[in-house]
Amino acid sequence: MRPGTRIMGAVSAAARRGMGAIGAILERFRSATLALHLSLVTYAVMIAAIALVGALQALFLRQFLFAETARSLHQELMNVPVQAWLWLANAPGSAAADGPPFRLGPLPFLDARGSLAYVDPTGQIHAIYAPHGLPVLSRAAYEAMLNFGVPASAYQLASTSHGRDLVVTAVIGPPDRPLGLAQASVPTSVIDAMVARQMLLYAVVAFAVLVAALAAYRALIRRALVPLRRVVEHAQRIDAGNLDERFDVGPNMQAEVRSLAASFNGMLDRLAHAFRAERDAKERMRQFVADASHELRTPLTALSGYLEVLQKGGEFSEEEWREALQQMHGEARRLAGLVEQMLRLARAEDVRASWADGRRERVRLGSLVTSLDALWRGLCGARQLVYDIEGDPAVFADPDAIKQVLFNLVQNAAQHTPEAGGRIAISVRSDGREVRLAVADNGAGIPKAHQSRVFERFYRVDEARSRAKGGAGLGLAICRAIVEGHGGNIECESEPGAGAVFTVTLPAARPGGDRDAE
């Protein structure tokens, strides 16, 4: 194998190991605590901010020192008497390439590694003091300075054999008739060293402040997360058996923790409600299955008994055969009616779904009641039927469902009101916000002990009389399911011997909306 190939393989393996290590660190960071996340992010932001401030400070300080050094050198050059510069300009051999015939030592305002030169009006530069090299600008730059002058803080950066120099010039003589330029330079390394010392001091102070601030921040963030840890501990203690526990949400809590606790309390309320609803649904289902089994058992037992008698044979007269068949037919009809009512109840309890699906209309109750007059009179028979309708208030509802409610209430009233002297009244009233539909009778009434249970499934006030009249105890349960599905409620008021009043209250429809249904 070639040496180059081995080196590339080693580098590739090292890179993979490095990436794997970085991935492991990131994975551990993701699974770290919130306090560590916040601390590390805060540390990173603070370090980045301090580094940025330091870099900007170094940049602006360097520019400031350059400008101040240029201003100082410019002032010193201007303080040199003009006669000295004129003597230098008029000295013999001043125009020669080797400059004036004498040399000057370091001046008080000039760095030992700096330089001093004279630029004649033609742009030719003559070194006066340049032991470490003389920076030279372009002839065009010198001509522009002679023609337009030089600001006090102006400077140029030029390269020399030992690095870079800060070059400062000043016009000699009157501005309109300059006799030349005086040029001084100092190495930028001097200013850079000053900036480095300043940055070192800044770094030491910033590091001390950073360590102190981060230590204080660590303690503060741990203290700030105490309420959050309490919420977590409280949440860990809650299970399906103690969903009634709640977090204490006080005004002194942090806004975020208070919002979290309030949201958690709301979630616990919804969970508790869901658990209760599920428990109640299971109980209702158990009760429904038990009641339905009991109700179905009676007609099925009767049918089975008749069939067993007929199966055994024997001498039966035509009348006995007819009576047996009539009884069996009656039990079969009763069984079919019970199944039909159970199906109606199931559909009634699905009213909320139908409401969500949009199967609703603007129903005018007064018109709906009077449009079914023939049906009500057929149910009432010889009983007196009275209407008490004020206006024609409207509700948003499923018209077929409202008809079912009316039918059940009127049928219930007819079943418990004698034909002789019996009276059934249907009334419709509205106060603008709610519409009340009431069905009243003057029958036997309902005892106080039974009034709170008449809307339960399969519940009968008088078992014998209800069975004799074909009632299964589901009509009022169907009414309650439909009414509550429409956002209303149904109530019963009764005095024994004085009849009963069933009142349905529904929200009134707003003006306008869908078409009217009758």
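Right, let's walk through the structure included here. Since the model is a prediction, treat every value here as computed from it, not as a measurement. (Residues numbered from 1 in each chain as written. Predicted model: local features only at pLDDT ≥ 70, side-chain atom pairs only at ≥ 80, totals over all residues. Heavy atoms only, no water.)

### Notes on the sheet that holds strand β1 (residues 115-119)
Here comes step 1: Taken in spatial order, the five strands of this open sheet run β2-β1-β5-β4-β3, and their pairing is antiparallel. Of all strands in the sheet, those with a lone pairing partner are β2 (125-129) and β3 (156-160), marking the two edges. Averaged over all pairs of adjacent strands, the angle between their axes in this sheet comes to 30°, without regard to strand direction.
Here comes step 2: Sheet topology places β1 next to β2; four bridges connect them, and they run antiparallel. (Pairing = 2+ DSSP bridges. Helix = DSSP H or I, 4+ residues; strand = E, 2+ residues; numbered from the N terminus. Axes fitted to C-alpha atoms, helices over the stretch in contact; angles between N-to-C directions.)

### Some points on a nonpolar patch on the surface
Here comes step 1: Together, Leu52, Leu56, Leu59 and Phe60 make up a nonpolar patch on the protein surface, roughly 410 Å² of accessible area in all.
Here comes step 2: Take Leu59: it is sitting in helix α2 (residues 34-79).
Here comes step 3: On the basis of relative accessible area, Leu59 is assigned to the partly exposed category, the value being 46%. (Patch = residues over 30% accessible without salt bridge, like charges linked within 9 Å, V, L, I, M, F, W, Y side chains within 5 Å. Areas by Shrake-Rupley, 256 points an atom, 1.4 Å probe, with all protein chains shown as cover. Salt bridge = Lys/Arg side-chain N within 4 Å of Asp/Glu carboxyl O. Buried < 20%, exposed > 50% of the residue type's maximum accessible area, 1.4 Å probe, protein only.)

### Points about helix α5 (residues 188-224)
Here comes step 1: In this model, α5 (37 residues) spans 51 Å end to end at C-alpha, consistent with the 54 Å of a helix rising 1.5 Å per residue.
Here comes step 2: Those residues of α5 lying buried are Thr188, Ile191, Val195, Met199, Ala206, Leu210, Leu214 and Ile221. (Expected span 1.5 Å × (residues − 1).)

### Details of the sheet that holds strand β12 (residues 500-507)
Strand pairing in a sheet takes place through backbone hydrogen bonds and is either antiparallel or parallel in direction.
Here comes step 1: Strand order in the open sheet formed by five strands is β7-β9-β10-β12-β11, and the pairing between neighbours is mixed. Every other strand in the sheet has two partners, leaving β7 (384-389) and β11 (489-494) as the edge strands with one partner each. For this sheet, the mean inter-axis angle between neighbouring strands, taken without regard to orientation, is 15°.
Here comes step 2: Bridge count for β11 against β12 is six bridges, and the pairing is antiparallel. Counterpart to Ile490 in the pairing with β12 is Val504.

### Remarks on the pairing of β1
Here comes step 1: Among the five residues of β1, five are classified as buried, and the element is accordingly described as predominantly covered.
Here comes step 2: In this sheet, strand β5 (residues 180-187) lies alongside β1 in antiparallel orientation, the contact comprising five bridges. Considered in β5, the bridge of Tyr118 is made with Ala182.
Here comes step 3: Hairpin connection of β1 to β2: five residues between the antiparallel strands, including Gly123 at a positive phi of 95°.

### What about the nonpolar core?
Here comes step 1: Within the largest apolar cluster, 38 residues are counted, with the highest numbers of intra-cluster contacts made by Leu365, Trp376, Leu409, Ile426, Leu437, Phe502 and Val504.
Here comes step 2: Once residues within four sequence positions are removed from consideration, Leu437 is found in contact with Leu365, Val369, Leu406, Ile426, Ser427, Val428, Phe502, Thr503 and Val504.
Here comes step 3: Core analysis: the second largest hydrophobic core is formed by 12 residues, Ile125, Met145, Ala158 and Leu181 among them. (Core = buried A, V, L, I, M, F, W, Y, C linked by side-chain atoms within 4.5 Å. Contact = heavy atoms within 4.5 Å.)

### Looking at the environment of Val211
Here comes step 1: The topology assignment puts Val211 in helix α5.
Here comes step 2: For the pair formed by Val211 and Tyr43, sequence separation is 168 residues and the distance between their alpha carbons is 9.8 Å.

### What to know about the packing of helix α11 (residues 373-380) against helix α12 (residues 399-415)
Here comes step 1: The contact between α11 and α12 brings their axes to 9 Å, and the two run at 25°. Judged by the inter-axis angle, α11 sits roughly parallel to α12. When you trace α11 past α12, the crossing you get is right-handed. Of the residues in α12, those touching α11 at Leu375, Trp376, Leu379 and Cys380 are Leu406, Phe407, Val410, Gln411 and Ala414.
Here comes step 2: When grouped by side-chain class, the residues that make up the contact of α11 with α12 number eight nonpolar, one polar and no charged. (Parallel < 35°, antiparallel > 145°, perpendicular 65-115°, else oblique. Left-handed = near helix turned anticlockwise from the far one by under 90°. Nonpolar A, V, L, I, M, F, W, Y, C, P; charged D, E, K, R; others polar.)

### Describing the packing of aromatic side chains
Centre distance and the angle of the planes are the two values used to describe a pair of aromatic rings.
Here comes step 1: Considering all chains together, one arrives at one aromatic pair under this definition.
Here comes step 2: Ring geometry for Phe66 against Tyr155: centres 5.7 Å apart, planes inclined by 65°, an arrangement best described as edge-to-face. In this pair, Phe66 is assigned in helix α2 and Tyr155 in the loop between α4 (139-148) and β3, connecting sequence segments 89 residues apart.
Here comes step 3: Assessed through its relative accessible area of 0%, Phe66 is described here as buried.
Here comes step 4: We classify Tyr155 as partly exposed; its relative accessible area is 25%. (Phe/Tyr/Trp six-rings, centres within 6.5 Å; stacked < 30°, edge-to-face > 60°.)

### Some points on the side chain of Asn408
Here comes step 1: Note on placement: Asn408 falls in helix α12.
Here comes step 2: Residue contacts for Asn408: discarding those within four places in its chain leaves Gly475, Ile478 and Cys479.

These figures come from the coordinates and say nothing about function on their own.
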